[in-house]
Amino acid sequence: MLSVEEALERVLAVVRVLEPEDTAILDAVGRVLAEDVVSPLKIPPLDNSAMDGYAVRTADLDGAGPASPIVLRVFGSVAAGELPSTPVEPGTAVRIMTGAPVPPGADAVVPFEDTDEIERRADRGPVVEIGILDRPEPWTHIRPAGQDLAKGEPVLSRGTVLRPAEIGLLASVGLAKIKVVRRPVVAILATGDELIEPGEETNDSRIYNSNSYSIGAAVRRYGGIPIMLGIAADNLDSLNDKLQQGLQSDILVTSAGVSKGDYDVVKDVLAKRGRIDFWSVRMRPAKPLAFGVLRAPDGRQVPHLGLPGNPVSALVAFEQFGRVALYKMQGKVDFRRPTIKAVLDEPIYNTDGRRVYARAVVTRRNGTYHARLTGDQSSNLLSSMARANGLAICPEDLPLKRAGEAVDVQMLDWSEEMF
Ligand code: AMP
Ligand code: MG
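What you see as residue numbers is a count from 1 along each chain, following the sequence as written. Chain letters start at A and ligand numbers start at 1, both assigned in the order the entries are written. Residues qualify for local features only when their pLDDT is at least 70, as the model is predicted, and side-chain atom pairs are given and counted only at 80 or more; totals for whole chains, interfaces and linings, by contrast, use all residues. Only heavy atoms go into the side-chain values, all of them from the structure, while hydrogens and water stay out.

1. Looking at the overall build of the protein
Then step 1. Elements are defined by DSSP. Helices are runs of H or I of four residues or more, strands are runs of E of two residues or more, and each kind is numbered from the N terminus. Of regular secondary structure, the protein possesses 8 helices and 27 strands.
Then step 2. Dimensions of the protein, computed from the C-alpha atoms along their principal axes, are close to 95 × 55 × 40 Å.
Then step 3. Each residue gets one of three labels from its accessible area relative to the maximum for its type: buried under 20%, exposed over 50%, partly exposed in between, using a 1.4 Å probe on protein chains only. Sorting the 419 residues of the protein into buried and exposed places 48% on the buried side.
Then step 4. Residue contacts are defined here by distance: any two heavy atoms, one from each residue, within 4.5 Å place the two residues in contact. The contacts of the protein with a sequence gap of at least 6 include a subset with a gap of at least 24, amounting to 71%.

Below, the structure is given as C-alpha cells:
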C-alpha cells in the first residue's frame, strides 16, 4: 500500500505548472507572480512633505523658539498633486500640504503647530507673514524622493504569492496588469446510477450528488475554476460521453467507482483513454484512490484524480491530493497546510495501520489547543466533516493515540474559538 507521501509524490510528478497570463492586479490576489517586477520609477517621485505646514530654509531659522519667533514672508502655497511654482528664497516660506512636493530652496517643513498661524488666521486676513516657533534640523518632515523604491529597484520577485500589500505595491508603481500563473480549469464528474442533482425531485432510492459540490467548492477555495460535468451513470456510453467533455480541462476529478467491486466500468474506460493506476493509500478515510493521465483529442495529457465515493473520503482525499495538485499548477511551492499541536481529549483508534485523519474540533483553553472528535468517524457522515475545523492525525504505525497525548492537527479553518 502506498503511503500518503508516496502517493503525493506521484501526483506531483505528473501535474505541471500552468502558463502565465496577463491579469488586472485586483484579480491577482492569492495568485503567483510569474515575472520579476522592478520599479519603473522613483517612489515617491519627488521630495514631499510629511505634514501640513510651511516649507522653509533652516538657515533662516537660527534662534527660532516659542519665545523668539522668526517671521518669514509667505509666497504661495502648494497642495498634494501640484508642482511648486515658486522656489523658497531666503527669508520666505511656502505653505505646504501633506504629500505636496517640497519647493526648491526649502530644506525642512515646519508643521502648523510650530507656527503662529492660528493667531494670524484669527485676524482673518490672508497669511502674508508667518512666525516660526522652532528651529528644525534639515530634512525634518520631508519624505525624500525614492524613499520607498528607487527606479529599477526590484519590487517583487517571480514566485511571490500576492497578498493585498503586494497588490497595493504593484499599484503604487503604476502597474495595472501583471503576469500571474493561470488558474487551473478543473472538470468535476460524479459517477453512480443512484445519484441525482440537488434541486431535482427525489424518491427514497436515490441520493443527492454532494461530492461534486464539496469538491467544486474546494476547487474554488484553492484557486481553480470548476467545470461541473454532472453525473455519469455506471455504463460505458455515459462515462465515455462525460469524459470527452472532461478532457478539455487542465485536470479531471471524478468521484466514486474506484473501490473494489464496482469500478470495473470506470477502470475499463479510463484504461482505454490513458494510463490510470488504482491505488490503495495507507490512510483513513479514503484508502481507494485512482490517479493517472488521460489523452485528450488534441494530444494533451490531462491528469485525472479519481476520488472515492463516500462524501467524507472524497473531500479528505481532495484536501490531501487535489489541493496540492491545484497549488502546484498555480505555481505555488509551499503545499503545507497550517498544522498545530493540540492535546487530544479522546482517543483515536487505528485498527489497520493506516494514517488516520480524524475529524476534529480544535478549541483553545488556557492558552492550549485541545482537539476532540466530531463523533462517529464513518466516511459517509458528511455532517461530521461539517462540524470539524481540523483533521487530527494518528500516524500509521501507532495503533492508538491516547487521550491526553499531543496530536498534530491539520487545520481546515481558523474559527473564533481558536484565539
Ligand atoms: P462507490 O465508490 O461507487 O462504491 O460509492 C461509495 C459510496 O459513496 C456509496 O454509498 C455512494 O452512494 C456514495 N456516493 C458516490 N458518489 C457520491 C456523490 N457524488 N455524492 C454523494 N455520495 C456519493
Ligand atoms: Mg457507485
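Next comes the rest of the description.
2. Considerations on the pairing of strand E5 (residues 70-78)
Then step 1. Bridging between E5 and strand E8 (residues 129-132) involves 4 bridges; their strand directions are antiparallel. Looking across to E8, one finds that leucine 72 is bridged to isoleucine 130. Any two strands are treated as partners once DSSP identifies two or more bridges connecting them.

3. Focus: empty space enclosed by the protein
Then step 1. Cavity and pocket criteria rest on a 1 Å grid covering protein atoms alone: a 1.4 Å probe that fits but cannot get out defines a cavity, protein on both sides within 12 Å along at least 5 of 7 lines defines an open pocket, and an atom within 4 Å of a point defines a lining residue. Grid points are joined across faces, edges and corners, and a volume is the space filled by probe spheres set on the points. Inspection of the entire model under this criterion finds 1 cavity of 30 Å³ or more.
Then step 2. The computed volume of the largest cavity comes to approximately 30 Å³.
Then step 3. Among the elements of the structure, strand E12 (185-191), helix H5 (236-246) and helix H6 (264-273) are those that each provide at least two residues to the lining of the largest cavity.
Then step 4. Throughout this entry, Asp, Glu, Lys and Arg are counted as charged residues, while Ala, Val, Leu, Ile, Met, Phe, Trp, Tyr, Cys and Pro are counted as nonpolar. The remaining residues, Gly among them, count as polar. For the lining of the largest cavity, the per-class residue count stands at 5 nonpolar, 2 polar and no charged.

4. A word on the layout of surface pockets
Here the idea is plain: a probe the size of a water molecule rolls over the atoms and shows the empty space left.
Then step 1. There is about 420 Å³ of room inside the largest pocket.
Then step 2. As for the largest pocket, its lining consists of 26 residues, of which Asn211, Ala256, Pro308, Gly309 and Asn310 are closest to the centre.
Then step 3. Only E12, strand E14 (207-208) and helix H7 (311-329) provide two or more residues apiece to the lining of the largest pocket.

5. So, the side chain of asparagine 389
Then step 1. Along the chain, asparagine 389 falls in the loop between helix H8 (382-386) and strand E25 (390-394).
Then step 2. Judged by relative accessible area, which is 6%, asparagine 389 ranks as buried.
Then step 3. Pairs of N or O atoms are called polar contacts if they sit within 3.5 Å, as long as, within protein, a hydrogen donor faces a hydrogen acceptor (for residues adjacent in sequence, only side-chain-to-side-chain pairs). Here the side chain of asparagine 389 touches valine 362 through a polar contact of 2.8 Å, landing on its backbone nitrogen.
Then step 4. Excluding anything up to four places from it in sequence, asparagine 389 contacts Ala360, Val361, Val362, Met411, Leu412, Asp413, Ser415 and Met418.

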